[in-house]
Amino acid sequence: MIEPHAPAPPGAPPSWTGPARLPVRPGTGRFLVLVCVFVCAACGLVYELELVAFASYLMGDPVTQASVVLSVMVFAMGIGSLGAKRLRCHAAAGFGAVESALALIGGCSAMALYAVFAWTAGWGGMWADGPRCLLVAFSLAIGLLIGAEVPLLMELIQRIRRQDAGGAVADLFAADYVGALVGGLAFPFLLLPFLGQLTGALLTGTVNVVAGGALVLGLFRRDLTRRARWTLLLAGLTVLGVLACAAALAGDFERAARRAVYGPDVRVAVQTGVQEVVLAGGTHGEPLDLFLDGRLRVGGRDEHRYHEALVRPALTGPHTRVLILGGGDGLAAREVLRHPGVRRLDIVELDPGLVRLARRDPGLSALNGHALADPRVRVTTADALTWLREARGPAYDVVISDLPDPGITAGAKLYSQEFYGLARRVLAPDGRLVVHAGPVAARPRAFWTVAATLRAAGFAVSPYRVPGHGSACAAGPEVSRAPHDWGFLLAARGDAAPALRLGRGRAGTLTQAGLTADARAAERTRVSGVPVSTLVHPRY
């Protein structure tokens, strides 16, 4: 694959055929090539980030998805660089073809991934991993084309004016890295918030094909045959036409895809800057479903089971001052305010957009009982871990951790020993901490790991769970695979586990229940001898 340094065989075409015949001076020509390098590098990085963002949004676990996309893409770039050696004798035509293909594949990749996920993710069987296979295929194809760019651009810049290899590489890589910086900053701060993932990818493809076509057909047109010029021109115009049609249909396509993913009753879909928030139903007697970044966070049919189970056991003791970490939807606050004696309720929520919806959206504000308008409630927009580090003042009687599922890698810091140590610092000596620790049946090891982390932070724990309908707390973007229970951990300072008060509530009665074999094994590994109570609704 890697050629040793040796004289060219007889009859082989020379790698240097003399200066290119340019319509501009050589200095201007070199500058234009470096500008094209800059633009292509920016577009290439946008494609990478777009694939990472879509993979994280659709398939969950951003660390895993980013690792897969980037590693496959970097590997493919190396293969593409080796493959580009065969095109050096036709560098101008080869570069034009590569840019047209890259613009088409990279620009349409987001729409294709969304379509496959929206309409085929539930097929199961052999196609169960279809969206992931397509993600790898796009990463491979885009990486191959990006890798082919640099050798071809190196050949073109040497065609303008021959210089030592070290100097040419330095100039080329300088433009490439600066372009990557611009593309990396443009994606989260310009393209994503103002255009969205679909339109942003299509615009990037348009810029890519225009830059590549302008360089080849404008600067190096004399290196091309008449047939090659017309072929590249028609290919570029075709790609532009496809991207323009896709951009015109992007709005209708996105609405249709959202209905396919979230159901026909989608009312609100906003990108808040922190996450995408989707509300479905909630009017005309329909139950409201709240999705955060594709994960079903609140299911209106049985959300009261989850939120009462989260709040009620912790508030059986003193509860004058209560702190909720997360809970920007206001539903946990609704349950807290049902208890007499609450004088102050502080909510720390990262996403101000979710808080605005909880206050203003008619469906969500009705569901939370307009809890955020209560004068006892104070909402702070901040990261929970950062807020706890800076927290000062009187201690809280109850701390409620209503945060994303512990199975999501991005939220791992919110289930760390440091996090619980900081929560312990703001808790009153006789106070209680309650943590949503994910499903017990589906992910018992994750549940008991959270329990062990609490114990390491100086808490004694009482685990319990509430059965669900498999619809109110998704484990990932595949809503149909939502877990069928929610697991909680009630914690207090010291060695004595806090008592779980048995009794009837709107959600049901706390009773003792056995565990599955997997859960028992995990229990013996993590917190031997601690039983799990189950909050059972009397109707089920």
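Here we summarise the structure given alongside this text. (Residues numbered from 1 in each chain as written. Predicted model: local features only at pLDDT ≥ 70, side-chain atom pairs only at ≥ 80, totals over all residues. Heavy atoms only, no water.)

Moving on: the packing of helix H1 (residues 26-59) against helix H5 (residues 165-194). Close contact between H1 and H5 brings their axes to 7 Å; oriented N to C, the two are set at 40°. Between H1 and H5, the angle is such that the two are oblique. Considering how the two elements wind past one another, H1 and H5 form a crossing that is right-handed. Where H1 abuts H5, its residues Arg 30, Leu 34, Val 37, Phe 38, Ala 41, Ala 42, Leu 45, Val 46, Leu 49, Glu 50 and Ala 53 lie against Asp 171, Leu 172, Ala 175, Asp 176, Val 178, Gly 179, Ala 180, Val 182, Gly 183, Gly 184, Phe 187 and Leu 191. Along the lines of polarity and charge, the residues of the contact of H1 with H5 split into 16 nonpolar, three polar and four charged. (Axes fitted to C-alpha atoms, helices over the stretch in contact; angles between N-to-C directions. Helix = DSSP H or I, 4+ residues; strand = E, 2+ residues; numbered from the N terminus. Parallel < 35°, antiparallel > 145°, perpendicular 65-115°, else oblique. Left-handed = near helix turned anticlockwise from the far one by under 90°. Contact = heavy atoms within 4.5 Å. Nonpolar A, V, L, I, M, F, W, Y, C, P; charged D, E, K, R; others polar.)

Glancing now at helix H2 (residues 62-83). With 22 residues, H2 extends 31 Å between its outermost C-alpha atoms, agreeing within 8% with the 32 Å of an ideal straight helix rising 1.5 Å per residue. Three or more residues of H2 are buried, namely Gln 65, Ala 66, Val 69, Val 72, Met 73, Ala 76 and Gly 80. Projected down its long axis, H2 shows its buried positions confined to an angular sector of 150°, all on one face. More than 90 degrees from the buried face of H2, the exposed residues found are Val 74 and Phe 75. Contact partners of the buried residues in H2: H1 and helix H4 (130-160). (Expected span 1.5 Å × (residues − 1). Buried < 20%, exposed > 50% of the residue type's maximum accessible area, 1.4 Å probe, protein only. Arc of directions from axis to C-beta.)

With that settled, the discussion passes to the sheet that holds strand E1 (residues 266-271). Within the open sheet, the four strands sit side by side as E1-E2-E3-E4. Their pairing is antiparallel. The sheet terminates laterally at E1 and strand E4 (295-299), the two strands that pair on one side only. Averaged over all adjacent pairs, the angle separating strand axes in this sheet is 15°, with direction ignored. Bridging between strand E3 (residues 289-292) and E4 involves four bridges; their strand directions are antiparallel. The residue of E4 that forms the bridge with Asp 289 is Gly 299. (Pairing = 2+ DSSP bridges.)

On the surface, Leu 181, Leu 185, Phe 189, Leu 190, Phe 194, Leu 195, Leu 203 and Val 207 cluster together into a nonpolar patch covering about 810 Å² of accessible area. Mapping Leu 185 onto the fold places it in helix H5. (Patch = residues over 30% accessible without salt bridge, like charges linked within 9 Å, V, L, I, M, F, W, Y side chains within 5 Å. Areas by Shrake-Rupley, 256 points an atom, 1.4 Å probe, with all protein chains shown as cover. Salt bridge = Lys/Arg side-chain N within 4 Å of Asp/Glu carboxyl O.)

One recurring pattern in soluble globular proteins is that nonpolar side chains are buried together. Val 33, Phe 95, Tyr 114, Leu 215 and Phe 220 are the most contacted members of the largest nonpolar core, which totals 71 residues. When contributions to this core are tallied by element, the ones reaching two or more residues are H1, H2, helix H3 (91-120), H4, H5, helix H6 (196-219), helix H7 (226-262) and strand E2 (276-280). For this core, the leading source of residues is H1, giving 14 residues. Leu 215 has contacts with Leu 32, Val 33, Cys 36, Phe 95, Leu 153, Leu 156 and Phe 220, leaving out every residue within four places of it along the chain. Counting 40 residues, the second-largest nonpolar core is a separate cluster that includes Leu 288, Val 342, Leu 372 and Val 466. (Core = buried A, V, L, I, M, F, W, Y, C linked by side-chain atoms within 4.5 Å.)

Position of Ala 93 among the secondary structure elements: in helix H3. Spatially, the C-alpha atom of Ala 93 lies 7.6 Å from that of Leu 232, the residues being 139 residues apart in sequence. Those residues within four positions of Ala 93 in sequence are excluded, and the remaining contacts are Leu 224 and Leu 232.

Take the packing of aromatic side chains next. One pass over the full model with this rule turns up ten aromatic pairs. When the centroid spacing of 5.7 Å and the interplanar angle of 75° are considered together, the rings of Phe 419 and Tyr 420 count as edge-to-face. Classification of Phe 419 as buried rests on a relative accessible area of 1%. Of the residues examined, Tyr 420 reaches a relative accessible area of 0% and is grouped as buried. With a centroid separation of 5.3 Å and 25° between ring planes, the pair formed by Tyr 464 and Phe 488 is classed as stacked. Placement of the pair is Tyr 464 in strand E10 (residues 459-467) and Phe 488 in strand E11 (residues 485-493), with a sequence separation of 24 residues. Comparing Tyr 464 with Phe 488 shows no difference in burial state: the two are buried. (Phe/Tyr/Trp six-rings, centres within 6.5 Å; stacked < 30°, edge-to-face > 60°.)

By themselves, these are just geometric observations and shouldn't be taken as functional.
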